[in-house]
Amino acid sequence: MVSALAACGQDGKESSTPSSGTDNSSISGAADESQASTGDTVTIRMGGWGNFADEHEPGTVGMEEAIGVKVEFQKYPTDAAFWDNLPAQIAAKTAPEFIALSNELYLPYINDGLIIPISKYIDDGTITCWDSIGDNVKDIWTIDGEVYGIPFYQTPAVFAVNMDLWNEAGLTEADFPETWDDVLDVCRVFKDELGMTGLCFNTQEFHFTQYCLSFGGGWGLGKTIDTPENAAALQFIINAYHQGYVVTPKELGVGYDGNVVMSGDAAMSTGGTWYVNDFKKNAPDVEVKYLTIPHAEGKDDVSGTFHAPCYALLKGGAHEKEAAMAINYMMNDSHDEALIDIGYIPVNSDLFDTFKERQPELAGLVDAVSKSNGFGYPPAGKKFADALISKMEEALFNSDSTVTGSQIVKELQEEYGE
């Protein structure tokens, strides 16, 4: 995994990525309130966990000389440790000024006032990079007319295919699926030719959301949970599983869908660009093709989700203006270059061709950007995700269950909808 910020849950677990082997050292940098250092330089702190400093440090090169602001990285053992400590640190004025915030289960933090609007710094010209950011990414971080963050990359979800198994089953590139019905056709080939399940499905909110969006649905921040599209998406998964076309990581004793594709227990799975580095490191001999998320019949204008994390200001920062200046500075070419090297698509469309040239195996994802959407989880966040998982696992793993996709979305709307 290249970043623990890309898909963090609210319980200290990543919702869609493999384990990061998190450093459990004590929280660093939680010193007294930031103060100006020698000269006119103001030192501020960026909070995070995992390998966040390596990802964001390229954006800070030359900052002190250019704008008189220095960024120090305040590392926490896990995302849970960060959120658990944050309220007390805000009260004691020891919290970092800003963080990189995932666009998955973020809404509770905004509703609770831990993340503050950044709009005024766009309006007064402190943040000038906003104009170069694509509208679909802007929409994720604009809530009730206020901007809550500056997104620094966008990465659509992928449909990963184990090409070794694909070729063994006698399939060709002409058989790459565009729709979910195509996926079922391919699953039948795997069952007939190799006696195996073709599709891996991880019972996590990340994966459920890919299917719902690609059926033309989505959670709509809690406003559109109970829709025919969402019901059809969940029912598709239930039916495919009971038809013997799907295997889950849980029943294989692993927690990550990528492991299932690596081991050859399934040939296809929804996932993310973190597969690239993970497979290079842990399964270099397995050939993988990264496609855009398939869509339901007649829904060729939609795809799955994209990750679009942002720089966000925390409540109570001693140097709020300087933090806004730092965020604007970090949205620079050097940072974009570093993110492209990792496999992230820049938020500035002028750099799409550069991404395609430097990441040819992911080039097709650029075309999915305009069709992809944010996760749109309701304000209940983790409670909603846990309930969705529980209800779907009951429908999948209980052979006596009669639960339908329609029932699930209706119950979730009643419990967690807006």
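See the structure shown above.
Residues numbered from 1 in each chain as written. Predicted model: local features only at pLDDT ≥ 70, side-chain atom pairs only at ≥ 80, totals over all residues. Heavy atoms only, no water.

J.: I'd like to hear about the overall build of the chain, residue by residue, with values.
T.: The helix and strand inventory of the chain stands at 18 helices and 15 strands. Its C-alpha atoms give the chain a radius of gyration of 22 Å, within 12% of the compact-globule value 22 Å for 418 residues. Structurally, the chain occupies a C-alpha span of about 75 × 45 × 40 Å along its principal axes. In the chain, the share of contacts with a sequence separation of at least 24, taken over all contacts with a separation of at least 6, comes to 76%. By element, 44% of the accessible surface of the chain is carried by carbon and sulfur atoms, the whole surface being about 16,300 Å². Taking the 24 positively charged and 65 negatively charged side chains of the chain as two groups, their mean positions are separated by 4 Å. (Helix = DSSP H or I, 4+ residues; strand = E, 2+ residues; numbered from the N terminus. Rg over C-alpha atoms; globule rule 2.2 N^0.38 Å. Contact = heavy atoms within 4.5 Å. Areas by Shrake-Rupley, 256 points an atom, 1.4 Å probe, with all protein chains shown as cover. Lys, Arg positive; Asp, Glu negative; His and termini not counted. Charge placed at Lys NZ, Arg CZ, Asp CG, Glu CD.)

J.: Requested: an account of the sheet that holds strand 11 (residues 246-247), with residues and values cited.
T.: Judged by pairing direction, the sheet is mixed, and its five strands sit side by side in the order 11-10-12-9-13 without closing on themselves. The open sheet has two edge strands, strand 11 and strand 13 (288-291), and neither has a second partner. The sheet contact formed by strand 10 (residues 199-200) and strand 11 spans two bridges and is parallel. Looking at the pairing, C200 lines up with V247 of strand 11. Of the strands in this sheet, strand 9 (158-162), strand 10 and strand 12 (268-271) are in contact with helix 8 (residues 180-194), which crosses strand 12 at around 140°. On top of the sheet, helix 9 (residues 205-214) reaches strand 10 and strand 12; it is set at about 100° to strand 12, its chief contact. (Pairing = 2+ DSSP bridges. Axes fitted to C-alpha atoms, helices over the stretch in contact; angles between N-to-C directions.)

J.: Which residues make up the layout of surface pockets, and what are the values?
T.: The volume enclosed by the second largest pocket comes to roughly 340 Å³. Along the wall of the second largest pocket there are 17 residues; nearest its centre are P177, E178, T292, I293 and K371. Taken together, the residues of the lining of the second largest pocket break down into nine nonpolar, four polar and four charged. (1 Å grid on protein atoms, 1.4 Å probe; cavity = no way out; pocket = protein on both sides within 12 Å on 5 of 7 lines; lining within 4 Å. Points joined across faces, edges and corners; volume = space filled by probe spheres on them. Nonpolar A, V, L, I, M, F, W, Y, C, P; charged D, E, K, R; others polar.)

J.: An account of the nonpolar core is needed here, citing residue identities and associated values.
T.: Grouped burial of nonpolar side chains is what soluble globular proteins tend to show. The biggest cluster of nonpolar side chains holds 132 residues, and the ones touching the most others in it are W83, F98, L101, I115, I150, F190 and M268. The element contributing the most residues to this core is helix 10 (residues 228-242), with eight residues. Setting aside anything within four residues of it in sequence, one finds F190 in contact with L165, W166, A169, L171, G195, M196, G198, A267 and M268. (Core = buried A, V, L, I, M, F, W, Y, C linked by side-chain atoms within 4.5 Å. Buried < 20%, exposed > 50% of the residue type's maximum accessible area, 1.4 Å probe, protein only.)

J.: Before we move on, can you summarise the pairing of strand 1 (residues 42-49) with the specific residues and values?
T.: Most of strand 1 is tucked away: eight of the eight residues are buried. Alternating residues of strand 1 divide into V42, I44, M46 and G48 and T43, R45, G47 and W49, and every residue in both groups is buried. Relative to strand 2 (residues 69-76), strand 1 runs parallel, the two being bridged by eight bridges. What sits directly across from W49, in strand 2, is Y76.

J.: Before we move on, could you go through the side chain of H307 and cite the residues and values that matter?
T.: Residue placement: H307 occurs in strand 14 (residues 306-307). Take H307: its relative accessible area is 4%, and that puts it in the buried class. Reaching out from H307, the side chain makes a polar contact with the side chain of E104 at a distance of 2.9 Å. (Polar contact = N/O pair within 3.5 Å; in protein donor to acceptor, adjacent residues only side chain to side chain.)

J.: Please provide a residue-by-residue account of unusual backbone geometry, values included.
T.: Positive phi, normally seen in glycine, also occurs at D144, with a value near 55°. Secondary-structure assignment places D144 in the loop between strand 5 (142-143) and strand 6 (146-147). The phi torsion at L221 lies on the positive side, around 55°, for a residue other than glycine. Positionally, L221 belongs in the loop between helix 9 and helix 10. For L221, a relative accessible area of 26% gives the class partly exposed.

J.: Talk me through the environment of Q74; I want residue IDs and the actual numbers.
T.: Within the secondary structure, Q74 is located in strand 2. In this structure the C-alpha to C-alpha distance between Q74 and D367, which are 293 residues apart in sequence, comes to 36 Å.

J.: Describe helix 18 (residues 405-416), with residues and values.
T.: Taking 1.5 Å of rise per residue, 12 residues should cover 16 Å, and helix 18 covers 16 Å from first to last C-alpha, within 8% of that figure. In this structure, the buried side of helix 18 is in contact with helix 10 and helix 17 (382-397). (Expected span 1.5 Å × (residues − 1).)

J.: A description of the packing of aromatic side chains should follow, citing residues and the corresponding values.
T.: All told, the structure shown has 28 aromatic pairs when counted by the stated rule. Summarising the aromatic geometry, the rings of W180 and F236 are spaced 5.8 Å apart at their centres and angled 50° between planes, so their arrangement reads as tilted. Taken together, the residues W180 in helix 8 and F236 in helix 10 connect sequence positions 56 residues apart. The structure contains a cluster of three or more aromatic residues connected by ring pairs, namely F159, W180, F201, F208, Y211, F215 and F236. (Phe/Tyr/Trp six-rings, centres within 6.5 Å; stacked < 30°, edge-to-face > 60°.)

J.: Account for the side chain of K391, naming residues and giving values.
T.: Among the secondary structure elements, K391 is positioned in helix 17. Overall, the relative accessible area of 17% leaves K391 in the buried class.

Nothing here speaks to function; it is geometry throughout.
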